[in-house]
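Per-entry structural report
One-letter residues, chain by chain:
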Amino acid sequence: MPTWKAPLMNRAGRLTTVKVVMSSKCIHTIISLKVSDWVFQEIDKRRRGFLWAGKDKANGSQCLVAWPVVCRPPEFGGLGVPDLRLASFALRLRWLWLKRTDGNRPWKNLELDFGVDQQVQEMFRASIHVQVGDGGLALFWINNWRGADSPCITAPTLCQLVKPRFRNRRTVAEALQEKRWIDDISRQLTVQAIREYIQLWVGLRGFQLNPGREDVITWRWSAAATYSARSAYRMFF
């Protein structure tokens, strides 16, 4: 927008422009890449400056409301400007959801991370509930599939002894077959790890899969129990 036009807009018009135009330009980037915090800071500097002063920058006296409040949804007392850093987390959760629930995706088995890092992985684990059937979708070490916390929560020391490729990929069906989860433990057990190993062993006794019935993965943050970017974003507030 030409610089002479911005001061001619009232604040409501600039707010709409920030929401619809300035905030949407980077969506295709943050949905697939992990963007550094300094990039968000630079974008916010310009969005804040345009909103309050109609310029590239605004000084403190021109900002009538703190930026974190501006970025809250209206029902939480904000102005509804998207917090792009939180939106990037919410949007990147989409890839994990599709990978786990849609077997028809052609990229499902490719080594693509789509900007997914450890934080996004942990957010996803906390956002889903897994009802075990045949054990083909639930991940043994990191999902809450026993009606309780995952083994990596209840047995953290033991879980650290499992190689990442097994910890992040071993399904319940694979792990329970001939107790293959024991083979996943690759290093010498400490006293604490032995204690957790015994607790896990006891907890698995008598557990039965349901062959022919697929696992069901549901999303905690929406009534429909399926992922949406809106529900993922609003869980931060």
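Above: the structure in question.
Calculation criteria
Residues numbered from 1 in each chain as written. Predicted model: local features only at pLDDT ≥ 70, side-chain atom pairs only at ≥ 80, totals over all residues. Heavy atoms only, no water. Helix = DSSP H or I, 4+ residues; strand = E, 2+ residues; numbered from the N terminus. Buried < 20%, exposed > 50% of the residue type's maximum accessible area, 1.4 Å probe, protein only. Contact = heavy atoms within 4.5 Å. Axes fitted to C-alpha atoms, helices over the stretch in contact; angles between N-to-C directions. Left-handed = near helix turned anticlockwise from the far one by under 90°. Nonpolar A, V, L, I, M, F, W, Y, C, P; charged D, E, K, R; others polar. Pairing = 2+ DSSP bridges. Core = buried A, V, L, I, M, F, W, Y, C linked by side-chain atoms within 4.5 Å. Patch = residues over 30% accessible without salt bridge, like charges linked within 9 Å, V, L, I, M, F, W, Y side chains within 5 Å. Areas by Shrake-Rupley, 256 points an atom, 1.4 Å probe, with all protein chains shown as cover. Salt bridge = Lys/Arg side-chain N within 4 Å of Asp/Glu carboxyl O.

1. Some thoughts on the overall build of the protein chain
- From N to C terminus, the protein chain includes 13 helices and 2 strands.
- Each of the three principal axes of the protein chain carries a C-alpha extent, and together these read 70 × 40 × 30 Å.
- Put simply, the protein chain has 237 residues, and 37% of those count as buried.
- Within the protein chain, contacts between residues at least 6 apart in sequence are counted, and of these 66% link residues at least 24 apart.

2. Considering the packing of helix H5 (residues 84-101) against helix H6 (residues 118-127)
- One can describe the packing of H5 onto H6 by two numbers: an axis separation of 9 Å at closest approach and a directional angle of 65°. Crossing angle aside, the handedness with which H5 passes H6 is right-handed. Contacts between H5 and H6 involve Phe89, Arg92, Leu93, Leu96, Trp97 and Arg100 from the former and Gln119, Val120, Gln121, Met123 and Phe124 from the latter.
- The class makeup of the residues in the contact of H5 with H6 is 7 nonpolar, 2 polar and 2 charged.

3. Some details on the side chain of Ser88
- When you line up the elements, Ser88 lands in helix H5.
- Among residues more than four places away in sequence, those in contact with Ser88 are Ile30 and Phe40.

4. Observations concerning the pairing of strand E2 (residues 216-219)
- Every second residue of E2 is oriented toward a common face, the buried set being Ile217 and Trp219 and the non-buried set Val216 and Thr218.
- Bridge analysis of strand E1 (residues 128-131) against E2 gives 4 bridges, and the strand direction is antiparallel. Opposite His129, over in E2, you have Thr218 as the bridge partner.

5. Description of the nonpolar core
- If you look at the biggest cluster of nonpolar residues, it comprises 49 residues, and the most contacted ones within it are Leu93, Trp97, Phe140, Trp141, Trp181 and Trp219.
- Among the elements of the structure, H5, H6, E1, helix H8 (156-159), helix H10 (172-176), helix H12 (191-204), E2 and helix H13 (229-234) are those that each provide at least two residues to this core.
- Examining the composition of this core, we find that 11 residues originate from one element, H5, more than from any other.
- Counting 10 residues, the second-largest nonpolar core is a separate cluster that includes Ala6, Val18, Trp67 and Val81.

6. Considering a nonpolar patch on the surface
- Where nonpolar side chains cluster on the molecular surface, the patch consists of Leu189, Ile194, Ile198, Trp201 and Val202 and spans about 400 Å² of accessible area.
- Position of Ile198 among the secondary structure elements: in helix H12.
- In this structure Ile198 comes out as partly exposed when scored by relative accessible area, which is 46%.

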